[in-house]
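Given next are the chains, with one letter for each unit.
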Amino acid sequence: MWPPSGSAKMTKFQTTLRQFPDLPPITGMRLGGASARIWYRGRKDLMLAVFDRSVPVAGVFTRSTTASPAVVWGRSILAGGRARALVVNSGNANAWTGAAGVEAVHHVVRSTADMVRCPVRQVFVSSTGVIGEVLDASKITKALPRLCRQISPNNWKAAAKSIMTTDTFPKGATRSVIVNGRVVTINGIAKGSGMIAPSMATMLAYIFTDARVPSKLLQGMLVTANKKSFNSITVDGDTSTSDTVMAFATGAIPLGFRPIGLMDPRLVEFRVALDSLTRELAQKIVSDGEGASKFISISVRGAASSMAARGIAFSIANSPLVKTAIAGSDPNWGRIIMAIGQAEEKINKDKLVLRIGSFPITEAGGVRADYDEGRVAEYMKGAEIDIDVDVGVGRGRATVWTCDLTHRYIAINADYRS
């Protein structure tokens, strides 16, 4: 259950994040989820999306040097820029499984390509779950024909549920936007709860639109959106072997113009909608951090550069000392100061201002004379915590999102394979 027993009550914002929205159909595709009994019993663990024709595709993948065979396969075919099917299984990451893991991917890809009658290099796959266990591809290939008969344009929630591992709720988001007088839709689903740290994408997320967008342009927009969303979250500082974010454009809605590039002003509304959708999905992941009871927003201003600001923000967000203090509603602001220094970025000690919520804590290199720890402690009992830091040296700024670190996180991960 979330939040854990004895934790802060969920805010309206957090409650909204946990709700699965009504995602409209995307013309030109069908999807769904089913049980293949890969690892779990009595729950969906296999997702399939099929496009009516080959469509433009974009993707970003984990930078981990122990990436799974599914990620290696996706990287190798992404340059083709086209997709006809997507297969995702949960319960087994099929990572660090040697030649058997590679063959499992190829087996699934070949079977799917035969089933939908497309080239193998238009079939993308993802796997998430336990690392080091060889994936029994036959379970997937046996379940796929039945699932293929069941998929429809409306099975978004079933698809989202099928890619969950330790997630406590399915994650989805949708946007409708007018581009050049045409109404286009963007839908997205994601999974992620633990092993979340930004080294590309930090989990699995799949985005679909009916807009007619070429793959090169879609790739550029996805990379930009990813940096501001999935690459701006952390739960535990660990990067998965399977991290994948992909976008597919069915082209059912022609835009009526040929985009001249990523910054074409006629695409502003679409880019804003994509950024907003990915940010919502990223925040849903943080709100579902394993054992989390609090949603934490960390904003850093006045840094030497945006990169320096991100480094400071992530140093705070990934600090176990900071995260456990917040879990205990302890206003131990010294831990935040420690994490700022740990980032080894330029700061002005005399100008550095730390705020927790609306309460300023520091000035002139020390604690403020009017600092009231009791009021800050009361604020920290809440379920949404804002930390704001101005390091006083430049104009760089960044915002990242994280969650607290509770006893429940240990329990979940100690029992993960049980």
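Structure: see above.
We now turn to the structure provided with this report. (Residues numbered from 1 in each chain as written. Predicted model: local features only at pLDDT ≥ 70, side-chain atom pairs only at ≥ 80, totals over all residues. Heavy atoms only, no water.)

**Topic: the pattern of salt bridges**
Here is step 1 of the chain: Applying the stated rule across the entire model yields 12 salt bridges.
Here is step 2 of the chain: Arg301 is paired through a salt bridge with Asp390; the nearest N and O atoms lie 3.3 Å apart. Separated by 89 residues along the polypeptide, Arg301 in strand E9 (residues 295-303) and Asp390 in strand E14 (residues 384-390) bring together distant segments of the chain.
Here is step 3 of the chain: Linking Arg368 and Asp370 is a salt bridge whose minimum nitrogen-to-oxygen distance equals 2.9 Å. (Salt bridge = Lys/Arg side-chain N within 4 Å of Asp/Glu carboxyl O. Helix = DSSP H or I, 4+ residues; strand = E, 2+ residues; numbered from the N terminus.)

**Observations regarding the pairing of strand E8 (residues 244-253)**
Here is step 1 of the chain: Burial runs high along E8: 8 of the 10 residues are buried.
Here is step 2 of the chain: Pairing of strand E2 (residues 46-61) with E8 involves 5 bridges; the strand directions are antiparallel. Among the inter-strand pairings, Val60 is bridged to a residue of E8, identified as Val245. (Buried < 20%, exposed > 50% of the residue type's maximum accessible area, 1.4 Å probe, protein only. Pairing = 2+ DSSP bridges.)

**Side note on the environment of Phe124**
Here is step 1 of the chain: Positionally, Phe124 belongs in strand E4 (residues 123-130).
Here is step 2 of the chain: On the accessibility criterion, Phe124 (1% relative accessible area) is buried.
Here is step 3 of the chain: For the pair formed by Phe124 and Arg84, sequence separation is 40 residues and the distance between their alpha carbons is 8.3 Å.
Here is step 4 of the chain: Non-local contacts of Phe124, meaning those with residues more than four positions away in its chain, are made with Val57, Gly74, Ile77, Leu78, Arg82, Ala83, Ala85, Leu86, Val87 and Met246. (Contact = heavy atoms within 4.5 Å.)

**Section: the packing of aromatic side chains**
Here is step 1 of the chain: Inspection of the entire model under this criterion finds 6 aromatic pairs.
Here is step 2 of the chain: When the ring of Trp333 is compared with that of Tyr371, the centres are 6.5 Å apart and the planes differ by 80 degrees; the resulting orientation is edge-to-face. One end of the pair, Trp333, is in helix H10 (residues 333-342); the other, Tyr371, is in the loop between strand E13 (366-367) and helix H11 (373-379), with 38 residues separating them in the sequence.
Here is step 3 of the chain: For Trp333, a relative accessible area of 22% corresponds to the partly exposed category.
Here is step 4 of the chain: Chaining the aromatic ring pairs together yields one cluster made of Phe51, Trp156, Phe208 and Phe248.
Here is step 5 of the chain: Between Arg121 and the ring centre of Trp73, over which it is positioned, the NZ or CZ distance is 6.0 Å.
Here is step 6 of the chain: Over the ring of Phe169 we find Lys171; its NZ or CZ atom is 4.4 Å from the centre of that ring. (Phe/Tyr/Trp six-rings, centres within 6.5 Å; stacked < 30°, edge-to-face > 60°. Lys NZ or Arg CZ within 6 Å of the ring centre and 35° of its normal.)

**A look at the side chain of Thr244**
Here is step 1 of the chain: By the element assignment, Thr244 lies in strand E8.
Here is step 2 of the chain: From its side chain, Thr244 meets the backbone oxygen of Ser242 in a polar contact 3.0 Å long. (Polar contact = N/O pair within 3.5 Å; in protein donor to acceptor, adjacent residues only side chain to side chain.)

**Some words on the packing of helix H8 (residues 306-317) against H10**
Here is step 1 of the chain: Look at H8 against H10: their axes get within 8 Å of each other, and the N-to-C directions meet at 135 degrees. Judged by the inter-axis angle, H8 sits oblique to H10. By crossing handedness, the relation of H8 to H10 is classed as right-handed. Every residue of H10 that contacts H8 at Ile312, Ser315 and Ile316 is listed here: Ile336, Ala339, Ile340 and Gln342.
Here is step 2 of the chain: Residue classes in the contact of H8 with H10 are distributed as 5 nonpolar, 2 polar and no charged. (Axes fitted to C-alpha atoms, helices over the stretch in contact; angles between N-to-C directions. Parallel < 35°, antiparallel > 145°, perpendicular 65-115°, else oblique. Left-handed = near helix turned anticlockwise from the far one by under 90°. Nonpolar A, V, L, I, M, F, W, Y, C, P; charged D, E, K, R; others polar.)

**Points about the packing of helix H3 (residues 98-116) against helix H4 (residues 137-150)**
The angle between the axes and the distance between the axes are what describe a pair of packed helices.
Here is step 1 of the chain: Two elements in contact, H3 and H4, have axes whose closest approach is 9 Å; the angle formed by their N-to-C orientations is 20 degrees. Classed by the angle they form, the pair H3 and H4 counts as roughly parallel. Of the two possible hands of crossing, H3 and H4 adopt the one that is right-handed. Together, Ala104, His107, Val108, Ser111, Thr112 and Met115 of H3 and Ala137, Ser138, Ile140, Thr141, Leu144, Pro145 and Cys148 of H4 make up the contact between the two elements.

**Thoughts on the sheet that holds strand E15 (residues 396-403)**
Paired through their backbone hydrogen bonds, the strands of a sheet run either parallel or antiparallel.
Here is step 1 of the chain: Reading across from one edge, E11-E10-E14-E9-E15 is the order of the 5 strands in this open sheet, with mixed pairing throughout. At either margin of the open sheet sits one strand with a lone partner, and together these are strand E11 (359-360) and E15.
Here is step 2 of the chain: Sheet topology places strand E10 (residues 353-356) next to E14; 4 bridges connect them, and they run antiparallel. Opposite Val353, over in E14, you have Asp390 as the bridge partner.
Here is step 3 of the chain: Across the sheet, H8 touches E9, E14 and E15, and the angle it forms with E15 is around 25 degrees.

**Side note on the nonpolar core**
Here is step 1 of the chain: In terms of nonpolar packing, the biggest core is built from 56 residues, with Met47, Ile189 and Phe208 touching the most fellow members.
Here is step 2 of the chain: The greatest single-element share of this core, amounting to 9 residues, is contributed by E2.
Here is step 3 of the chain: Of all hydrophobic cores here, the second largest spans 40 residues; its members include Val179, Val235, Ala282 and Ile285. (Core = buried A, V, L, I, M, F, W, Y, C linked by side-chain atoms within 4.5 Å.)

**Describing the state of the cysteines**
Here is step 1 of the chain: Going through the model one piece at a time under the given rule, you end up with 0 disulfides.
Here is step 2 of the chain: Not engaged in a disulfide, the cysteine Cys118 finds its nearest cysteine sulfur in Cys148; these two sulfurs lie 11 Å apart. (Disulfide = S-S within 2.5 Å.)

**Some words on the pairing of E10**
Here is step 1 of the chain: The alternating pattern of E10 places Leu354 and Ile356 on a buried face, while none of Val353 and Arg355, on the opposite face, is buried.
Here is step 2 of the chain: Direction of pairing for E10 relative to E11: antiparallel, over a ladder of 2 bridges. Across the sheet, Arg355 pairs through a bridge with Pro360, a residue of E11.
Here is step 3 of the chain: Here E10 folds back onto E11, and the loop between the two strands holds 2 residues, one of which, Gly357, carries a positive phi near 65 degrees.

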